[in-house]
Amino acid sequence: MVSSQTVKERLTDVELLRRLVGFDSTSSNSNLPIADFIADYLHHPAVVIEKFPGPDETKTNLMISAGPAVEGIEGLVLSGHLDTVPAVEEGWESEPFQLSERDDKLFGRGTADMKGFLAVAMNAFAAIDPADLHAPLVLLFTCDEEVGTLGARKFVETWPSGRPLPRSCIIGEPTSLLAVRMHKGHLKLRVRTQGRSAHSGYPHLGINAIDKAAEILLRLRHLRETLESERSESSVFFGKVPFAPLNVGVIRGGTAVNIIPDSCDIELGIRLLPEMKTEAMLDRVREALSGLDCTVEVINDSPPLLLRDDAAIYQKARTLVDQKLDVTVNFATDAGWLQQLGLECTIFGPGSIEVAHRPNEFIPKQQLAHAALLMDLLIGDLCLSPSK
């Protein structure tokens, strides 16, 4: 049964996506306007809408739930992030924050990553009469995923101990509607070395921090090469990159060519395989740099995802799309944190990661429609009584 109140206010998936894309929810902006719109769109007397604090007062995690609170494994969580990357690249053929359509594709920032899924999940939720639910249906929309899964981490760290959530969870990142149970994490580190500033004409009075950084870079290169030669249990699933890649991405040091630089920062990322632990990798970096005058600081940690292959939600998603083989992705998601609440997370959403974070990001209309059908089937299977 569908709520008559919900039908009166409901937009098509495409029109709802148009509204969502119209919010510039780039991570540097507040996400309160888009969160308020979603809360208003899904308002219903039998629906519980909760906001949980993000990393600062301009951000929120949004949870919308309906149905009975059933302890244990029953029910379903549909999760996605509200933020997008910036849209400042050259090459956009249309306004990034206005949905446009051509060649049966919908263009705009966030269409694939991941407002297309948000629209589908919202309308799937809106189409259900809460009275028909025999298990809880939950939407969990996070903030600041694009800058390091910060919202999901905050949600996990502040979630009330003992409060149940459905165990089955779909994270709707763009996988071209393939089910994913493993992904790499992303550990971001800053290595800092200190020197002493002086006039460059009197170098004996200073200590050049950039010179000291040269040995650090050499040691990190050796560690990178070692990591590239290593294999773990999950390596076979990660194709051309079966190792934990280490990338030195940023170096900052010095202020002018006539000043001896007094500090130098090196920022690097390591994409951990599912079996790898943050602390163990951090120890390896520190060991590689032992004896050097530097400090190692964690900037951000997005854990990897590892879900057992017989998890019910993973098998259900695979069956829906007749998927025979395991598929993995090399990017991190909120699932790495949410699994720490006991959620069994499967990455499963419309759109392709290959068009995300690029100009003219798009989602095929047909795939958006197919995703809507699949979410309806999952909700029907996990949350509705057999007669509904």
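Just above sits the structure.
All values reported here derive from a predicted model rather than from experimental measurement. (Residues numbered from 1 in each chain as written. Predicted model: local features only at pLDDT ≥ 70, side-chain atom pairs only at ≥ 80, totals over all residues. Heavy atoms only, no water.)

> Would you take a moment to explain the packing of aromatic side chains for this structure?
What the rule picks out here adds up to 6 aromatic pairs. Note on F23 and F37: the rings are 5.5 Å apart at their centroids and 40° apart in plane angle, and the pair reads as tilted. Here F23, found in the loop between helix 2 (13-21) and helix 3 (32-41), pairs with F37, found in helix 3; they are 14 residues apart in sequence, far enough to count as distant. You can call F37 buried: its relative accessible area is 11%. Every member of this aromatic cluster is reached through a ring pair, and the members are F23, F37 and Y41. Over the face of the ring belonging to F362 we find K105, whose NZ or CZ atom lies 4.6 Å from the ring centre. It is K184 that lies over the ring of F243; its NZ or CZ is 6.0 Å from the centre. (Phe/Tyr/Trp six-rings, centres within 6.5 Å; stacked < 30°, edge-to-face > 60°. Helix = DSSP H or I, 4+ residues; strand = E, 2+ residues; numbered from the N terminus. Buried < 20%, exposed > 50% of the residue type's maximum accessible area, 1.4 Å probe, protein only. Lys NZ or Arg CZ within 6 Å of the ring centre and 35° of its normal.)

> How should the sheet that holds strand 5 (residues 105-107) be read in this particular structure?
Within a sheet, neighbouring strands are paired by backbone hydrogen bonds and run either parallel or antiparallel to one another. With respect to topology, 3 strands assemble into an open sheet ordered 4-5-16, the strand pairing being antiparallel. Two strands bound the open sheet, and with one partner strand each, they are strand 4 (100-102) and strand 16 (362-364). Neighbour-to-neighbour, the strand axes of this sheet turn through a mean angle of 25°, independent of strand direction. Two strands pair when backbone bridges link them, and strand 4 and strand 5 are joined in this way by 3 bridges, in the antiparallel orientation. In the sheet register, E101 faces strand 5, and the bridge partner there is L106. The sheet contacts of helix 4 (residues 111-126) involve strand 5 and strand 16, and relative to strand 16 the element is tilted by about 50°. (Pairing = 2+ DSSP bridges. Axes fitted to C-alpha atoms, helices over the stretch in contact; angles between N-to-C directions. Contact = heavy atoms within 4.5 Å.)

> How do you make sense of the nonpolar core when you look at a structure like this?
Here is a general trend for soluble globular proteins: nonpolar side chains tend to be buried in one another's company. Among the nonpolar cores identified, the biggest contains 55 residues, and I38, L76 and M375 are the most heavily contacted of them. Of all the secondary structure elements, the ones that give two or more residues to this core are helix 2, helix 3, strand 2 (60-66), strand 3 (76-81), helix 4, strand 6 (137-142), helix 8 (312-320) and helix 10 (365-382). At 10 residues, helix 4 tops the list of elements feeding residues into this core. Beyond its immediate sequence surroundings of up to four residues, M375 is in contact with L78, F117, V120, A124, I170 and F348. Core analysis: the second largest hydrophobic core is formed by 26 residues, A213, L273, L282 and V296 among them. (Core = buried A, V, L, I, M, F, W, Y, C linked by side-chain atoms within 4.5 Å.)

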